[in-house]
Amino acid sequence: MSKPRSVIVVGGGIVGSCAALAIARAGLGVRHVAPDDPEPASWGNAGHLATEHVEPLASLKLVRALPRRLFSRGGPVAFVPRDVAAWLPWSLRLLTASAPGRFRAGTAALATLTADAIPAWRRLLGPDADALIREQGHLVVWEGRDAQQRGMAALARSATGATTYAPAGARDRAALATQLRLTAFGAARFTGTGQVTDPGLLLRRVRRFADEAGVERIARHARSVQGGARPGVVLDDGTRIAADAVLVAAGVWSAPLLRAAGIPAPLIAERGYHVGFDRPGWPMDLPPLVLDDRAVVVTRFGDRMRATSFVEFGRPQTPPDPRKWDRLEHHLREVGLLDGGCVTRWMGCRPTLPDYLPGIGGNEVAGLYYAVGHAHLGLTLAARTGEIVRDMIAGQAPPPPMFALARFGAIRRSNTAAEHPLPAGDSQQ
């Protein structure tokens, strides 16, 4: 197949939007199938650029810790009972992916991505980067000296990529003492991580840059995708649009689209919850906080605070569980962060593959590509992923083999793709 001149990008979240922008800036014609949604999954996260997160969560460490981390025992992990048919086979794949050899290979693979994640954002955003990204690290907080010793020991046994950490200094400890209602705590300061000043503003800015680069946005859902001799996308109104190549980057909704096209993508909806609240007097220079004992991340966006937590495995269309918000708010009250005021609640779905590595790849003969399954690293890796798929589609670099979805089964080479209508009320992010 000759180098493509036109590409359809499916998916309106941060990964799909960055990919559409990067491809358009390379001189290709881009149509972006991105339904109108002001709050996709990439809007509701903690805004943390988690470059320290190089170890896949699929690990023997996670498997051993899971029983005491369950929601029923006060922890952050939950499995939606009614969705057992979705998460049980996925969990069995995770067990296989947790083998030591695969874990080590996954850690090395993620390290190659996270090392260049923040520079990639700066390349994408140009002069706007300083207003949208803060490279001030983050703080991990433990409740009590014993918890700090255990936490620091755990960090010493873990890979953290190009980031560094050390016990928090006097200035950080003084700032934390004014904000947290804890009699004793310990903390570590990470260097080399970052924060997005506002995830919603970032997504809007990327989309504006895409408009300026000539991207045509189509505010509809994709019903099916097709590679082979006639690459294209069938929209939810039955219209078929064609291009030289198609990139699927539709978050958790990528799974049925790719499966119908013969590409295995065993994605699960790893649902996360957040609450927004007012917190007058929060220091502007205080970076994101990880309340490690409670599995809660707290970040300031403008004049509002956001706290995020939970990994709840289920289907994306299953209604939220209000108990998750209740417990999150209970944690915030216990540490003195939530004393009243306006509280907003939100739930979104992280698209997660069983080995907690992204799926980035495709086939230049079939003209069908994908960038899916970024789990907790969608915001962190979006700009770098955009560069990878740009080079891959333009023929400047081969698909990265460690992220190919062929690791989950044989890819059926087909020139056609059966339509896969979305359930009523669902949307692609």
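Residues numbered from 1 in each chain as written. Predicted model: local features only at pLDDT ≥ 70, side-chain atom pairs only at ≥ 80, totals over all residues. Heavy atoms only, no water.

Caption draft 1: Looking closely at the sheet that holds strand β9 (residues 194-196). Strand order in this open sheet of three strands is β3-β9-β5, and the pairing throughout is antiparallel. Only two strands of the sheet have a single neighbouring strand rather than two, namely β3 (48-49) and β5 (133-134). Of the pairings in the sheet, the one linking β3 to β9 comprises two bridges and is antiparallel in character. When the bridges of β9 are listed, L49 appears paired with G194. (Pairing = 2+ DSSP bridges. Helix = DSSP H or I, 4+ residues; strand = E, 2+ residues; numbered from the N terminus.)

Caption draft 2: Focus on the environment of W87. For W87, the location among the structural elements is in helix α3 (residues 84-97). Between the C-alpha atoms of W87 and E270, which are 183 residues apart in sequence, the distance is 9.6 Å. The residues touching W87, leaving out its near neighbours within four places in the chain, are F79, V80, I268 and F313. Only 2.7 Å separates the side chain of W87 from the backbone oxygen of V80, close enough to count as a polar contact. (Contact = heavy atoms within 4.5 Å. Polar contact = N/O pair within 3.5 Å; in protein donor to acceptor, adjacent residues only side chain to side chain.)

Caption draft 3: Spatial organisation of the packing of helix α1 (residues 14-25) against helix α5 (residues 117-125). Contact geometry of α1 with α5 gives a least axis separation of 11 Å together with a crossing angle of 55°. As judged from the angle between their axes, α1 and α5 are oblique. Between α1 and α5 lies a crossing whose hand is left-handed. Across the interface between the two elements, I14, C18, L21 and R25 of α1 pack against W121, R123 and L124 of α5. Tallied by class, the residues present in the contact of α1 with α5 amount to five nonpolar, no polar and two charged. (Axes fitted to C-alpha atoms, helices over the stretch in contact; angles between N-to-C directions. Parallel < 35°, antiparallel > 145°, perpendicular 65-115°, else oblique. Left-handed = near helix turned anticlockwise from the far one by under 90°. Nonpolar A, V, L, I, M, F, W, Y, C, P; charged D, E, K, R; others polar.)

Caption draft 4: Structural detail: the pairing of strand β21 (residues 368-372). For β21, the buried fraction is high: five of the five residues fall into the buried class. Residues L368, Y370 and V372 line one face of β21 and the alternating positions Y369 and A371 line the opposite face, and both faces are buried. One ladder, built from three bridges, connects strand β14 (residues 245-248) with β21; its direction is parallel. Looking across to β21, one finds that V246 is bridged to L368. As paired elements, strand β20 (residues 359-363) and β21 share five bridges and run antiparallel to each other. If you follow I360 over to β21, its bridge partner there is A371. (Buried < 20%, exposed > 50% of the residue type's maximum accessible area, 1.4 Å probe, protein only.)

The values are spatial; any link to function lies outside them.
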